[in-house]
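Residues per chain, in single letters:
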Amino acid sequence: MEVSMIRSSQVNLRSNGDVGLFNLGKNSSAKICNLKNNYSEGCCFVHLKMRLKSAVNFTLRASSSVRSEAIVNSQKDSRITRTRRVDGAKLFVGLPLDAVSSSNTIKHDRAIAAGLKALKLLGVDGVELPVWWGVAEKEAMGKYQWTSYLSIVEMVQKLGLKLHVSLCFHASDECKIRLPDWVSRIGEQEPGVYFSDRSGETYKGCLSFAADDLPVLDGKTPVEVYKEFCENFKSAFSQFIGSTITGISVSLGPEGELRYPSRRRPANATRGAGEFQCYDKNMLSNLKQHAETNGNPLWGLGGPHDAPAYDKSPLSGGFFAEKGGSWKTPYGDFFLSWYSNQLISHGDRMLSLAASAFKNSPVTVSGKVPVMQSSYQTQSHPSELTAGFYNTANRDGYQDIAQIFSKSGCKMILPVESCSSPGSLVGRITSSCREHGVDVSGESVGGSVGLDQLKKLMDEDSLVDLLTYQRMGAYFFDPKHFSAFTQFVRGLNQPIRRSKDVRMGDGREVEVESLSGSNHHMQTA
């Protein structure tokens, strides 16, 4: 796809899909405007070059035909037509997970800047930015480096977009961001700070919930360190909070979600429901104490011996069996109640500290809850139980979850993939949220749910009041996908006339070379 404009009143744009309409005001003198996509082996490159003598006003609108047109408007009083939703849910788009890299530099800054402009012109309400503990506090406890993140927030502010910030106290294999170096060094000396499964394999993507209130981080507890991080972030970004930054989500566990890392599986393990993550020394100590308090010390020696391994059928092994399964026994209830309460207590601590840190700030605080739909049709719901949700065919495990969100006045983020399945687990979760007055927003990984389905979810009377579409990258700006996304956004919006122009400064040249690396799939937070 390529567009060139050379002092012409009208230039046609042709591509394999709809890409939109650009309007330029008369006060601009465009010498060259070139937009093209180049594909090379392993990478998707997006190039956007503009050389302008003076300010240019333009907007991008979806076209219903394969052929779109770029038009230079000769009217003196030029007003651009933009789109904005009058009612319904707000739409945000996630920035790349590694927008700020592990070395604390902005990756593809010009690409991000151009992408932000495109989203603004489409009528998207805002963007989501992951802020990593392992980047901002990488070198030493209390040594914060916010410069790169501040630069991105300033980009967002200048375009008039809103921003939701995800404070990530977890690691990401996908973008190769680990926990802070100083935390990893502690973990090498004391692996008990991490979760461990039955075989003794540790999970280094987040700290064990059982360590929350233990002084394992150079004399401080993880909760204290997390809270100081939130408070320092609030201080460093105070000029943006409430104006540009309107939402904060806090990491609650693996990949930011409130759950145990139960589904970490070998490559050939495709059928399992995951394993219980209760074998690090602090979890075992809590379990032992709980069993002794309840008068059954033998129940505190470890997790269920008859629970299946990662790669086994969920109903094998006996614990999750439909008939005679151990999960129905007094021991099963004892263990599952304890295991779930550890998760709930951790979630309560994290939501409370975030709500406290941003108290009296005009931002919405939220946290992610997964929807473990696998094996939901069974009586025991194995995937939910290993993830920490004591929810079965005969027991509602989400009342207590909704209650901790309500207690702290926090919003719950759910994956919209699950919201699109009527009569599924999400109905139970959202019902609990309604009972406790908890608002729900959605997050979608692009491509996993059709855009038509997402539109239905974003109607005025929909389940969610805000959708974050994940995530900006090579796939997102692929011509075929971006064309469909443009149509999706236009379908949400109603055209309105505005006099406010979106300006690009005099004589500037914007060139976007690469929006992501070799991966063409969406990243998830």
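Residues numbered from 1 in each chain as written. Predicted model: local features only at pLDDT ≥ 70, side-chain atom pairs only at ≥ 80, totals over all residues. Heavy atoms only, no water.

**A word on the overall build of the protein**
Tallying secondary structure elements over the protein gives 13 helices and 20 strands in all. Looking at the protein alone, contacts between residues at least 24 apart form 77% of all its contacts between residues at least 6 apart. Summing over all exposed atoms, the protein offers an accessible surface of approximately 22,000 Å²; the carbon and sulfur share of this is 47%. (Helix = DSSP H or I, 4+ residues; strand = E, 2+ residues; numbered from the N terminus. Contact = heavy atoms within 4.5 Å. Areas by Shrake-Rupley, 256 points an atom, 1.4 Å probe, with all protein chains shown as cover.)

**Looking at the packing of aromatic side chains**
Across all of its chains, the model carries 36 aromatic pairs by this definition. On the numbers, 6.0 Å between centres and 35° between planes, the contact of F276 with F320 is tilted. Of this pair, F276 sits in the loop between β14 (245-250) and α6 (281-293) while F320 sits in the loop between α6 and α7 (330-357), placing them 44 residues apart in sequence. Exposure remark for F276: the relative accessible area of 4% places this residue in the buried category. The class of F320 is buried, set by a relative accessible area of 1%. (Phe/Tyr/Trp six-rings, centres within 6.5 Å; stacked < 30°, edge-to-face > 60°. Buried < 20%, exposed > 50% of the residue type's maximum accessible area, 1.4 Å probe, protein only.)

**Brief notes about the pairing of strand β16 (residues 411-415)**
Of all five residues in β16, five are buried; the element is thus mostly enclosed. With three bridges joining them, strand β15 (residues 364-368) and β16 adopt parallel strand pairing. Residue K368 lies in a different strand from β16, and its bridge partner there is I413. (Pairing = 2+ DSSP bridges.)

**Digging into the pairing of strand β13 (residues 202-207)**
Direction of pairing for strand β12 (residues 194-196) relative to β13: antiparallel, over a ladder of three bridges. Residue pairing across strands places Y194 opposite L207, the latter belonging to β13. Linkage of β12 to β13, two consecutive antiparallel strands, is achieved through a turn of five residues, within which G200 is found at a positive phi near 90°.

**So, empty space enclosed by the protein**
Taken as a whole and assessed by the stated rule, the structure comprises eight cavities of 30 Å³ or more. Quantified by volume, the second largest cavity comes out at close to 170 Å³. Lining the second largest cavity we find 17 residues, and of these H164, S249, S366, I413 and T468 sit closest to its centre. Taken together, the elements giving at least two residues each to the lining of the second largest cavity come down to β11 (162-168), β14, β15, β16, β17 (440-445) and β18 (466-470). Looking at the lining of the second largest cavity, its residues break down into four nonpolar, nine polar and four charged. (1 Å grid on protein atoms, 1.4 Å probe; cavity = no way out; pocket = protein on both sides within 12 Å on 5 of 7 lines; lining within 4 Å. Points joined across faces, edges and corners; volume = space filled by probe spheres on them. Nonpolar A, V, L, I, M, F, W, Y, C, P; charged D, E, K, R; others polar.)

**Points about unusual backbone geometry**
Between Q470 and R471 the backbone carries a cis peptide bond, its omega angle lying at 0°. In this fold, R471 is placed in the loop between β18 and α13 (479-492). Although it is not a glycine, H108 adopts a positive phi angle of roughly 55°. A relative accessible area of 29% places H108 in the partly exposed class. At N360, a position not held by glycine, the phi torsion is positive, near 70°. One can find N360 in the loop between α7 and β15.

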